[in-house]
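Structural description and commentary
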Amino acid sequence: QVQLIESGGGLVQAGGSLRLSCAASGRSFSNYGMGWFRQAAGNEREFVATINWRSDSTYYADSVKGRFAISKDNAKNTVYLQMNSLKPEDTAVYYCAATTNRYYSLSYYSGRSYDYWGQGTQVTVSS
């Protein structure tokens, strides 16, 4: 009923850039925030970035601060992730997520704070 459609993944050389997009569609819902998680092969899913739909507050994992930037388009229910200065360790499947939890910012880093998930898009950074 609610779908998150991702795009923008691909193969890039170290030091390059990619821009991911994720648009929510289908049944209407009260969107309080959207974010990005990633999972490298053999690793646990980890938080990357999130943006509060009402306050515009943003939060980033330490590993991507200064390199990644999250932004949004409220009218389109779309979130973006601009990734610059990419490193091989950024290689992972990237998942977007959305939440109906008004207070999700209290635990924005936890996947359990989000209700809807995209199918994932592969980002591969070569050295």
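Shown above is the structure to which this text applies.
1. A word on the overall build of the chain
Along its length, the chain carries zero helices and 11 strands. Traced from its N-terminal end to its C-terminal end, the chain shows the element sequence β-β-β-β-β-β-β-β-β-β-β. Seen along its three principal axes, the alpha-carbon backbone of the chain occupies a region of about 40 × 25 × 25 Å. A distance of 6 Å separates the average location of the 12 positive side-chain charges in the chain from that of its 9 negative side-chain charges.

2. Focus: the sheet that holds strand β7 (residues 68-73)
Spatially, four strands are ordered β1-β3-β8-β7 in an open sheet, and the strand pairing comes out antiparallel. Taken across any chain shown, the strands that pair with only one partner, and hence form the sheet edges, are β1 (2-7) and β7. With strand direction ignored, the average angle separating the axes of adjacent strands in the sheet is 15°. Summarising the sheet, β7 and strand β8 (residues 78-83) pair through six bridges and their orientation is antiparallel.

3. Some details on the nonpolar core
Across soluble globular proteins, you tend to see nonpolar side chains buried next to one another. In terms of nonpolar packing, the biggest core is built from 34 residues, with Trp36, Leu81, Met83 and Tyr94 touching the most fellow members. Listed by contribution, the elements that provide at least two residues to this core are β1, β3 (18-26), β4 (33-39), β5 (46-52), β7, β8, β9 (92-99) and β11 (121-126). Sort the elements by how many residues they give to this core and β9 lands first, with five residues. The residues touching Tyr94, leaving out its near neighbours within four places in the chain, are Glu6, Leu20, Trp36, Phe37, Arg38, Val48, Phe68, Leu81, Met83, Gly120, Thr121 and Val123.

4. Some points on the state of the cysteines
In a disulfide, the sulfur atoms of two cysteines are held together by a covalent bond. Taken as a whole and assessed by the stated rule, the structure comprises one disulfide. Disulfide pairing is shown between Cys22 and Cys96; the S-S distance is 1.9 Å. In this structure, the disulfide formed by Cys22 and Cys96 twists by about 45° around the S-S bond and is classed as right-handed. One end of the pair, Cys22, is in strand β3; the other, Cys96, is in strand β9, with 74 residues separating them in the sequence. A single burial state applies to Cys22 and to Cys96, both of which are buried.

How each quantity is defined
Residues numbered from 1 in each chain as written. Predicted model: local features only at pLDDT ≥ 70, side-chain atom pairs only at ≥ 80, totals over all residues. Heavy atoms only, no water. Helix = DSSP H or I, 4+ residues; strand = E, 2+ residues; numbered from the N terminus. Lys, Arg positive; Asp, Glu negative; His and termini not counted. Charge placed at Lys NZ, Arg CZ, Asp CG, Glu CD. Pairing = 2+ DSSP bridges. Axes fitted to C-alpha atoms, helices over the stretch in contact; angles between N-to-C directions. Core = buried A, V, L, I, M, F, W, Y, C linked by side-chain atoms within 4.5 Å. Buried < 20%, exposed > 50% of the residue type's maximum accessible area, 1.4 Å probe, protein only. Contact = heavy atoms within 4.5 Å. Disulfide = S-S within 2.5 Å.

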